[in-house]
Amino acid sequence: MDIQWNILAEYAPFFLKGTLLTIGLSLAGIALGTVLGLFIGLGKMLKNRFLSLPFGIYITFFRGTPMLVQIMLIHFAVVPLFTGETNAVAAAILTLSLNSAAYIAEIFRAGIQSIDKGQMEASRSLGMTHVQAMRYVILPQAFKRMIPPLGNEFIVLIKESSLASLVAAPELMYWGRAMQGQYFRVWEPYITAALIYLVLTLSLSFVLSRLERRLATE
Amino acid sequence: MIEVKSLKKSFGTNMVLKDISVTVKPQEVVVVIGPSGSGKSTFLRCINLLETITDGHVYIEGTDITDKKTDINKVRTEVGMVFQQFNLFPHKKVIENIMLAPMKVRNISAGQARKKGLELLRKVGLEEKAEAYPDSLSGGQKQRVAIARALAMEPKIMLFDEPTSALDPEMVGEVLEVMKQLAKEGMTMIVVTHEMGFAKEVGDRVIFMDEGLIVEENTPNELFDHPKELRTKAFLSKVL
Ligand SMILES: Nc1ncnc2c1ncn2[C@@H]1O[C@H](COP(=O)(O)OP(=O)(O)OP(=O)(O)O)[C@@H](O)[C@H]1O
Ligand SMILES: [Mg+2]
């Protein structure tokens, strides 16, 4: 295994561009997935079974089918249905958001339900409304407990954004595959991609563990 | 002050309160006793609508709280509740626990709420714990903070659900002392407790409940020393 540094140097700008897109896809997925996840988590917690059913089905579908299938469906069928043409970046962001929302909804629900019932009762007995109790008592406590599983989900999301290469969104893994195709080399592109993914996921874990420690001492 | 008329409560098909009628006068201290599962907690929780009422009426100062038009949040500010498990807010300091509801529900300024909170902490003997977190307190201290927190809303009635049952024996006294003080100041109270000493000293009336019914009701001395009903006798012989 002799590394060909010259082709790596040639591909460096592409890897850089790809990395930026990977970061962009991940951030968009995290942001949209979190907002959507909170909404779906709340929907799943509705007391009325008929109202909560669609949210349950959503979660079951996205957690129970492979993300590769989801991205193919969204890229080749869903996006063209609405816009008339395919768009790899849009499909990737949509898939990452919709998929992570299902997991985040469950994290959110579990976080809220892990808070002792007595907290809500004490708040209500003091005259607070349901919304006030949620805002000042339940959510601040639930949020702290949600950080570790949310962090895991964000890391998974960064890694799964590599599936976008299969619909030709020019992110990190796409350029890795392009390099293999052009030079018939496997070690250089994939070791490079692996190392870059590692840097991204480790940076995120570092930020999250700092945040967790900050909140723990508060 | 409080008038409970033919109160009934079911969980599904399980009827927990079968027909409860009680009147509590201002400044009265009513002690509720009874075996586990007899419905004591459910009774208290119906009075501030932590449980929905299946049938019957509860009037608090003339307001029917079972009426859909009644603003239940308003009613709850008049009725303080102290729980067996304290239910302090662990993410907030002691003083913040006390300040939260007055600030959010009554829109009182932080400065005023803090002043009031410190006053209440002094009253329960915990002024020096204002900046501590609940986790660092003993059970007895937690329960005293919980009482101060409920008092911060200036309720007219206080409900206590076995406030000393989760405490180590050596901490029961300090909590009962605070409650006795409250009773002497004229607070209207309904207290579920098996502390007979407390019942005799400050209770005006004792209610014995069993299987969702009031079996017997009398002054503490009469009920404890000369119970009329067989079920009361059997229960007292077990707990005394
Ligand atoms: N949320 C609920 N859902 C269903 N059943 C309930 C619920 N809460 C209470 N019960 C039932 O109601 C009955 C009375 O309960 P309650 O807690 O009022 O009794 P208690 O007299 O306070 O007992 P303890 O001395 O053990 O606290 C019990 O049989 C209990 O199982
Ligand atoms: Mg009880």
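Structure shown above.
Please read these numbers as outputs of a predicted model, since none were measured by experiment. (Residues numbered from 1 in each chain as written. Chains lettered and ligands numbered in written order. Predicted model: local features only at pLDDT ≥ 70, side-chain atom pairs only at ≥ 80, totals over all residues. Heavy atoms only, no water.)

### Here we look at the sheet that holds strand β2 (residues 14-24) of chain B
Paired through backbone hydrogen bonds, the strands of a sheet run either parallel or antiparallel to each other.
All names here are of chain B.
In step 1: Pairing is antiparallel across the open sheet formed by four strands, whose spatial order is β2-β1-β4-β5. In this open sheet, the two edge strands, each paired with only one partner strand, are β2 and β5 (63-64).
In step 2: With seven bridges connecting them, strand β1 (residues 2-11) and β2 associate as antiparallel partners. Within β2, the position partnered with I2 by the bridge is V24. (Pairing = 2+ DSSP bridges. Helix = DSSP H or I, 4+ residues; strand = E, 2+ residues; numbered from the N terminus.)

### Observations concerning the pairing of strand β8 (residues 188-192) of chain B
All names here are of chain B.
In step 1: Where burial is concerned, most of β8 is hidden: five out of the five residues are buried.
In step 2: What you see with β8 is no split at all: T188, I190 and V192 on one side and M189 and V191 on the other are buried throughout.
In step 3: Of the strand pairs in this sheet, strand β3 (residues 29-33) and β8 are connected by four bridges, and their pairing is parallel. Paired with V29 across the strands is M189, a residue of β8. (Buried < 20%, exposed > 50% of the residue type's maximum accessible area, 1.4 Å probe, protein only.)

### Quick notes on empty space enclosed by the protein
In step 1: Considering all chains together, one arrives at one cavity of 30 Å³ or more under this definition.
In step 2: In this model, the largest cavity occupies a volume close to 30 Å³.
In step 3: Looking at the largest cavity, the residues that line it are A122, S125 and L126 of chain A together with M81, F83, A146, R149 and A150 of chain B.
In step 4: Put simply, the parts of the chain that give the lining of the largest cavity at least two residues each are α5 (117-125) of chain A together with α5 (139-151) of chain B.
In step 5: With three residues, α5 of chain B is the single largest residue contributor to the lining of the largest cavity.
In step 6: For the lining of the largest cavity, the class distribution of residues is six nonpolar, one polar and one charged. (1 Å grid on protein atoms, 1.4 Å probe; cavity = no way out; pocket = protein on both sides within 12 Å on 5 of 7 lines; lining within 4 Å. Points joined across faces, edges and corners; volume = space filled by probe spheres on them. Nonpolar A, V, L, I, M, F, W, Y, C, P; charged D, E, K, R; others polar.)

### Considerations on the nonpolar core
Residues and elements named next belong to chain B.
In step 1: Judged by nonpolar contacts, the single largest core of 81 residues is most densely connected at V4, L7, I20, F43, I60, L159 and I190.
In step 2: With near-sequence residues (within four places) excluded, I20 lies in contact with V4, K5, S6, L7, F43, M209, G212, L213 and I214.
In step 3: By size, the runner-up hydrophobic cluster in this structure holds 50 residues, among which are I98, L121, A183 and F208. (Core = buried A, V, L, I, M, F, W, Y, C linked by side-chain atoms within 4.5 Å. Contact = heavy atoms within 4.5 Å.)

### Here we look at the site of ligand 1
All names here are of chain B.
In step 1: Around ligand 1, a shell composed of F11, V16, P35, S36, G37, S38, G39, K40, S41, T42 and E162 is seen.
In step 2: Taking S41, its side chain carries an N or O atom lying 2.7 Å from an oxygen atom of ligand 1.
In step 3: In this structure, an oxygen atom belonging to ligand 1 sits 3.2 Å away from a side-chain N or O atom of E162.
In step 4: Alone, ligand 1 offers 640 Å² of accessible surface; in the complex the protein occludes 58% of this.
In step 5: No other element matches helix α1 (residues 40-47), which puts three residues into the shell around ligand 1.
In step 6: When grouped by side-chain class, the residues that make up the shell around ligand 1 number three nonpolar, six polar and two charged. (Near = heavy atom within 4 Å. Polar contact = N/O pair within 3.5 Å; in protein donor to acceptor, adjacent residues only side chain to side chain. Areas by Shrake-Rupley, 256 points an atom, 1.4 Å probe, with all protein chains shown as cover.)

Purely spatial values, then, with no claim about function.
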